[in-house]
Amino acid sequence: MLDIINAAGWPIWFLLLTSILALALILERFYSLRRKNIIPEKVMGEIVTLYRDNQCPPNLVNKLENGTLFEQLLATAIQHRSLSRGDAVERLEARSRHLTHQLNQNLGALSAIVTLSPLMGLFGTVVGMIEIFGAQNVSGANTVQLAHGISIALYNTGLGLIIAIISMIFYRYFRTRVEMYLVEMEGLMTRFLDYAYTSSTISKVAPTAENAPKKASQ
């Protein structure tokens, strides 16, 4: 390994640091974008059950606010349940934009690595070419310096492309995963709003229907 680093010259250190940063970002996104950190199982059914049984505890909103991203959306919906559905949807859209930013966190840095690592490899190639031209003199070519220049150019170009390719694969994978979470959360929130506003409408209409016969009998 040390022989390869020595053969690749000093520009390779920039690419090695970039590869470590890319690996750290990939591992962080794998950890943060686990499903249980975004949409935990059974949380939707538990909230709907509390709604149905009229057993929503006072601290429910605070508990959800400290939970996963989807639980934070549910907290926003419950917090604004007294508003009309249109106003509640506006609040949810504003909150979802903030949560979308959280889901895409560090993906911008990974995208930057995709762009920069080939350029850093190209920089190493330029350094290698300078080494190659420096090997030429009036008495002939310095074969050792010439070979070193070629190895600098090839190693840096190759490593820059490898980092870019791997980073691009994981970047696209994480973007697709984020989009899937957003679509799923949107569908779940639509179902929750349908249930919440339908049940609240029924509860408002039901007493009127019960009182109608009493008024007629009077």
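Cut-offs used in this document
- Residues numbered from 1 in each chain as written.
- Predicted model: local features only at pLDDT ≥ 70, side-chain atom pairs only at ≥ 80, totals over all residues.
- Heavy atoms only, no water.
- Patch = residues over 30% accessible without salt bridge, like charges linked within 9 Å, V, L, I, M, F, W, Y side chains within 5 Å.
- Areas by Shrake-Rupley, 256 points an atom, 1.4 Å probe, with all protein chains shown as cover.
- Salt bridge = Lys/Arg side-chain N within 4 Å of Asp/Glu carboxyl O.
- Lys, Arg positive; Asp, Glu negative; His and termini not counted.
- Charge placed at Lys NZ, Arg CZ, Asp CG, Glu CD.
- Helix = DSSP H or I, 4+ residues; strand = E, 2+ residues; numbered from the N terminus.
- Buried < 20%, exposed > 50% of the residue type's maximum accessible area, 1.4 Å probe, protein only.
- Core = buried A, V, L, I, M, F, W, Y, C linked by side-chain atoms within 4.5 Å.
- Contact = heavy atoms within 4.5 Å.
- Phe/Tyr/Trp six-rings, centres within 6.5 Å; stacked < 30°, edge-to-face > 60°.
- Axes fitted to C-alpha atoms, helices over the stretch in contact; angles between N-to-C directions.
- Parallel < 35°, antiparallel > 145°, perpendicular 65-115°, else oblique.
- Left-handed = near helix turned anticlockwise from the far one by under 90°.
- Nonpolar A, V, L, I, M, F, W, Y, C, P; charged D, E, K, R; others polar.
- pLDDT = per-residue confidence, 0-100.

### Quick look at a negative patch on the surface
Taken together, the side chains of D87, E90, E93 and E186 define an acidic patch exposed on the protein surface. Of all the elements, helix α7 (residues 85-103) adds the most residues to the negative patch, at three residues.

### As for a nonpolar patch on the surface
There is a patch of nonpolar side chains on the surface, built from L116, L119, L122, V126 and I130 and spanning about 480 Å² of accessible area. As for its position among the elements, V126 is in helix α8 (residues 107-134). A relative accessible area of 43% means that V126 is categorised as partly exposed.

### Regarding the nonpolar core
Core analysis: the biggest nonpolar cluster contains 44 residues, and I38, I47, F70, L74, M189 and F192 have the highest contact counts within it. At the level of secondary structure, the elements contributing two or more residues to this core comprise α1 (2-8), α2 (12-32), α4 (43-52), α5 (60-65), α6 (69-79), α7, α8 and α9 (143-217). For this core, the element with the highest residue contribution is α9, accounting for 12 residues. Non-local contacts of M189, meaning those with residues more than four positions away in its chain, are made with F70, L73, L74, A77 and L92.

### Some words on the side chain of R177
In this structure, R177 sits in helix α9. One buried charged residue, R177, forms no salt bridge at all, with the nearest opposite charge on E184 at 9.7 Å. Discounting residues that sit within four places of it in the chain, R177 has contacts with F30, L33 and R34.

### Here we look at the packing of aromatic side chains
Evaluated as defined, the whole model comprises seven aromatic pairs. The interplanar angle of 80 degrees and the centroid separation of 5.1 Å between the aromatic rings of F30 and F174 together place this pair among those described as edge-to-face. Taken together, the positions of F30 in helix α2 and F174 in helix α9 put the pair 144 residues apart, joining distant regions of the chain. We classify F174 as buried; its relative accessible area is 0%. Taken together, F30, F170, Y173 and F174 form an aromatic cluster joined through their ring pairs.

### Regarding the packing of α2 against α8
One can describe the packing of α2 onto α8 by two numbers: an axis separation of 10 Å at closest approach and a directional angle of 160 degrees. In terms of orientation, α2 and α8 fall into the roughly antiparallel class. The hand of the α2/α8 crossing is left-handed. In contact with F14, L15, T18, L21, A22, L25, I26 and R29 of α2, α8 contributes L107, A109, L110, I113, S117, M120 and G121. Of the residues that constitute the contact of α2 with α8, the class distribution is 11 nonpolar, three polar and one charged.

### Notes on the pattern of salt bridges
Tallied over the entire structure, the rule returns four salt bridges. R29 serves as the salt-bridge partner of E28, at 2.7 Å between the closest nitrogen and oxygen. The buried category is assigned to R29, whose relative accessible area is 3%. Here E65 ties to R95 by a salt bridge, and the two come within 2.9 Å at their closest N and O atoms. Here E65 is found in helix α5, whereas its partner R95 is found in helix α7, with 30 residues between them in sequence.

### A closer look at the confidence of the model for the protein
On average, residues of the protein carry a pLDDT of 80, and 84% of them reach 70 or more. At the low end of the mean pLDDT range in the protein sits strand β2 (residues 140-141), at 65; at the high end sits α2, at 94. Overall, residues 201-218 carries pLDDT values under 50, and its contacts beyond four positions in sequence, including any with other chains, amount to zero contacts.

### Re unusual backbone geometry
Positive phi, normally seen in glycine, also occurs at N106, with a value near 75 degrees. Counting through the fold element by element, N106 comes out in the loop between α7 and α8. Given the relative accessible area of 27%, N106 is considered partly exposed.

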